[in-house]
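# Results of the structural survey
Listed below are the residues making up each chain.
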Amino acid sequence: MIRVLIADDEALVRAGLRMILEAAGDMTVVGEACDGDEAVGAAARLRPHVVLMDVRMPGTDGLSAAARVLAAPEAPKVIMLTTFDLDDHVHEALRLGAVGFLLKDTPPRDLAAAVRTIAAGQAMLSPTVIKRLIGSFVDRAPSRAESARGRLAALTAREEDVIRAVARGLSNAEIGRELRLTEATVKAHVSRVLAKLGLANRVQAAILVHDAGLG
């Protein structure tokens, strides 16, 4: 069972998320928190696999709480719950290491799928959210684009195909079908590319590709 902690200051939102996740059958909500401090304490005490963290909460906000949760040993995966008007906060969460970004109106089936994906060790690249983030926060100044292209030049042609597909939000299975590779081979390529480029996750890889003007 995937253990999930929900952190949101709205009781109705927490109840809705709990209902959706527990109806999935393969996950259980181990706790709830209504502010950032409570979320940090609950994450340490309950040891969830995944934390659903609202960006905007009273007191210690979701971004500050996520930074503290992610800094802990054997930290859980963190999914930020966001709306488009909070893109700047989500962009900062990328830097901190959050690997999932969901809108609060995400359909129930997609929410459960995202939690599974992230619990399995992959980033959740919602194309809509990623495109919005990239459009708002990636500075495509010539010097920055040139630097990004220089980093990508270290990749082989196949590795570049893979990272471009990652930037489009494709899963390993989808990349495999497109490039006619096994899912295990794609996973190995992604891991090698992230290590070669010094990136923490697929979200940062997507931003680098778009920064270079290649996505």
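The structure reproduced in this document is the subject of the present report. Per chain, residues are indexed from 1 in the order of the written sequence. Note on the predicted model: pLDDT of at least 70 is required for a residue's local features to be given, and 80 or more for side-chain atom pairs to be given and counted; whole-chain, interface and lining totals, by contrast, use all residues. Hydrogen atoms and water are omitted, and side-chain values are computed over all heavy atoms in the structure.

### A few points about the nonpolar core
Considering soluble globular proteins, one finds that nonpolar side chains tend to be buried as a cluster. Heads up, the condition is: Nine residue types can take part in a nonpolar core, namely buried Ala, Val, Leu, Ile, Met, Phe, Trp, Tyr and Cys, and a core is a set of them joined through side-chain atoms within 4.5 Å. Partly exposed describes any residue whose relative accessible area lies between the buried limit of under 20% and the exposed limit of over 50%, with all areas from a 1.4 Å probe on protein chains only and scaled to the type maximum. Numbering of helices and strands runs from the N terminus; a helix is a DSSP stretch of H or I covering at least four residues, while a strand is a stretch of E covering at least two.
Core analysis: the largest hydrophobic core is formed by 22 residues, its most contacted members being L152, I163, I175 and L197. Looking at this core, the elements with two or more residues in it are α7 (142-152), α8 (157-167), α9 (172-179), α10 (183-197) and α11 (202-211). Counting 19 residues, the second-largest nonpolar core is a separate cluster that includes L5, A39, M57 and A65.

### Some details on the pattern of salt bridges
What counts here: The term salt bridge refers to a pairing of a side-chain nitrogen on Lys or Arg with a carboxyl oxygen on Asp or Glu at a separation within 4 Å.
Tallied over the full model, the rule gives 11 salt bridges. Here E32 makes a salt bridge to R14, at a shortest N to O gap of 3.0 Å. Taken together, the positions of E32 in strand β2 (residues 27-33) and R14 in helix α1 (residues 11-23) put the pair 18 residues apart, joining distant regions of the chain. Residue E159 pairs with R192 through a salt bridge whose shortest N-O separation is 3.2 Å. Within this pair, whereas E159 is found in helix α8, its partner R192 is found in helix α10, the two being separated by 33 residues in sequence. Taking the relative accessible area as the measure of exposure, E159 reaches 2% and is therefore buried. A relative accessible area of 40% places R192 in the partly exposed class. The network of salt bridges with common partners includes R14, R18, E22 and E32.

### Let's talk about the pairing of strand β4 (residues 77-82)
Here is the rule: Between any two strands, at least two bridges found by DSSP are needed for them to pair.
Within β4, five of the six residues are buried, leaving the element largely enclosed by the surrounding structure. Looking at chain direction, strand β3 (residues 50-54) and β4 are connected through five bridges and run parallel. Counted as the bridge partner of M53 is M80 from β4. In the sheet, β4 pairs with strand β5 (residues 100-103) via four bridges, with the strands oriented parallel. When the bridges of β5 are listed, L81 appears paired with L102.

### Re helix α5 (residues 108-119)
Each α-helix turn comprises 3.6 residues. Residues three or four places apart therefore point the same way. Filter applied, for reference: To estimate the expected span of a helix, subtract one from its residue number and multiply by 1.5 Å. Residue contacts are counted whenever heavy atoms from the two residues lie within 4.5 Å of one another.
For α5, with 12 residues, the first-to-last C-alpha span of 17 Å sits near the 16 Å given by 1.5 Å per residue. Turning to α5, the residues buried within the fold contact β1 (2-7), α1, β2, β3, β4 and β5. Immediately downstream of α5, the backbone of G121 shows phi near 100 degrees, a positive value.

### Examining the side chain of N172
Residue placement: N172 occurs in helix α9. Exposure remark for N172: the relative accessible area of 5% places this residue in the buried category. Ignoring sequence-local partners within four residues, the contact set of N172 consists of Q122, E183, V186, K187, V190 and R202.

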